[in-house]
Amino acid sequence: MGIADRRQREKEQRKTEIIEAAERLFFSRSYEDVSMEDIAREVELNKATIYLYFKNKETLFATIVLRGVRILKEKYMECMEKEVPGIVKVALMGQVYYQFSQEYPDYLRMIHFYGSERFSRENPCTAEIGKGYGACRLILRDAIREGIDDGTIRADLDPFLTSMYLMISFMGILSMENKWKLVIEAEGFSYEQFASEFFRFITPAISSGEESHKMDVKDFTSFGFFLTEPVAPGKKKREKS
């Protein structure tokens, strides 16, 4: 290995170390509570060295957000590659979004925070983040198209609009404020039940209903989809002790 190659590898290694140090801090604190000085101390470098790799804290934060977006995109692509009906792919994509929220809660929090539009559009990562998250919606749109083509999703639905409705719904459920989770729990339900009920709610709304292609959400389990136990009709509010 030549001197130039070795220096380039060392440079990339240092950049990765800075990103991982910043990630640890952003995962444990809010955006406002992390400074470039904090990151420099965490990675044991001086602040001037950090600025050689990243223009500012926002750029570094966005780099970490992009990591999370890429993980989510990969999960969506895996769903799209499955040999299953289109409507099942749609359900599986909703499920992996939920799984992502459970497995990578800090990435999800950062993704939603970055989407608050408080960050500069001039950040070079902003376009990549938009493309990555947009790619997830496009994959979902293509799954809806497949469902229309294979007869499992209503032909009168527009794939683009439907993908937007679903992505916004996923985001809303998974970024729900804690006060609303407390309301759900006060009525005797778990947050997991609430998230699962979304699929029972939305599946009949997008299903074609054609007898030859008719599918119920319970039929998706053979394709790897899972749900919590169905909520009993007319379930009464949990009694207070």
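The rules behind the values
- Residues numbered from 1 in each chain as written.
- Predicted model: local features only at pLDDT ≥ 70, side-chain atom pairs only at ≥ 80, totals over all residues.
- Heavy atoms only, no water.
- Helix = DSSP H or I, 4+ residues; strand = E, 2+ residues; numbered from the N terminus.
- Buried < 20%, exposed > 50% of the residue type's maximum accessible area, 1.4 Å probe, protein only.
- Contact = heavy atoms within 4.5 Å.
- Areas by Shrake-Rupley, 256 points an atom, 1.4 Å probe, with all protein chains shown as cover.
- Axes fitted to C-alpha atoms, helices over the stretch in contact; angles between N-to-C directions.
- Parallel < 35°, antiparallel > 145°, perpendicular 65-115°, else oblique.
- Left-handed = near helix turned anticlockwise from the far one by under 90°.
- Phe/Tyr/Trp six-rings, centres within 6.5 Å; stacked < 30°, edge-to-face > 60°.
- Lys NZ or Arg CZ within 6 Å of the ring centre and 35° of its normal.

The name that an unreviewed UniProt entry assigns to the protein is Transcriptional regulator, TetR family, with the source organism given as Methanosarcina siciliae T4/M.

*Asks:* Describe the overall build of the protein, listing the residues and the values that go with them.
*Replies:* Secondary structure assignment for the protein yields 10 helices and zero strands. Secondary structure of the protein in N-to-C order comes out as α-α-α-α-α-α-α-α-α-α. When burial is assessed residue by residue, the protein has 42% of its 241 residues classed as buried. The long-range share in the protein, meaning contacts at least 24 apart out of those at least 6 apart in sequence, stands at 70%. Carbon and sulfur atoms form 52% of the exposed surface of the protein, whose accessible area is close to 14,000 Å².

*Asks:* So what's going on with the packing of helix 4 (residues 57-80) against helix 7 (residues 124-150)? Residues and values would help.
*Replies:* Between helix 4 and helix 7, whose axes approach to 8 Å, the crossing angle comes to 15 degrees. Taken together, helix 4 and helix 7 sit at an angle that is classed as roughly parallel. As helix 4 packs across helix 7, the resulting crossing turns out to be left-handed. Contacts from Thr59, Ala62, Thr63, Val65, Leu66, Val69, Arg70, Leu72, Lys73, Tyr76, Met77 and Met80 of helix 4 reach helix 7 at Cys125, Glu128, Ile129, Gly132, Tyr133, Ala135, Cys136, Ile139, Leu140, Asp142, Ala143 and Glu146.

*Asks:* Help me get a handle on the packing of aromatic side chains, residues and values and all.
*Replies:* The full count for this structure, using the stated rule, is 13 aromatic pairs. Seen in terms of ring centroids, phenylalanine 61 and tyrosine 114 are 6.4 Å apart; in terms of plane orientation they differ by 20 degrees. Their pairing is stacked. Here phenylalanine 61, found in helix 4, pairs with tyrosine 114, found in helix 6 (residues 105-114); they are 53 residues apart in sequence, far enough to count as distant. Residue phenylalanine 61 shares its accessibility class with tyrosine 114, and that shared class is buried. In this structure, lysine 57 packs its charged tip against the face of tyrosine 31, placed 4.0 Å from the ring centre. Positioned over the ring face of tyrosine 191 is lysine 181, at 4.4 Å from the centre of the ring.

*Asks:* Please provide a residue-by-residue account of unusual backbone geometry, values included.
*Replies:* Positive phi is not limited to glycine here, since glutamate 44 has a value of about 60 degrees. By the secondary structure assignment, glutamate 44 is in the loop between helix 2 (36-43) and helix 3 (47-53).

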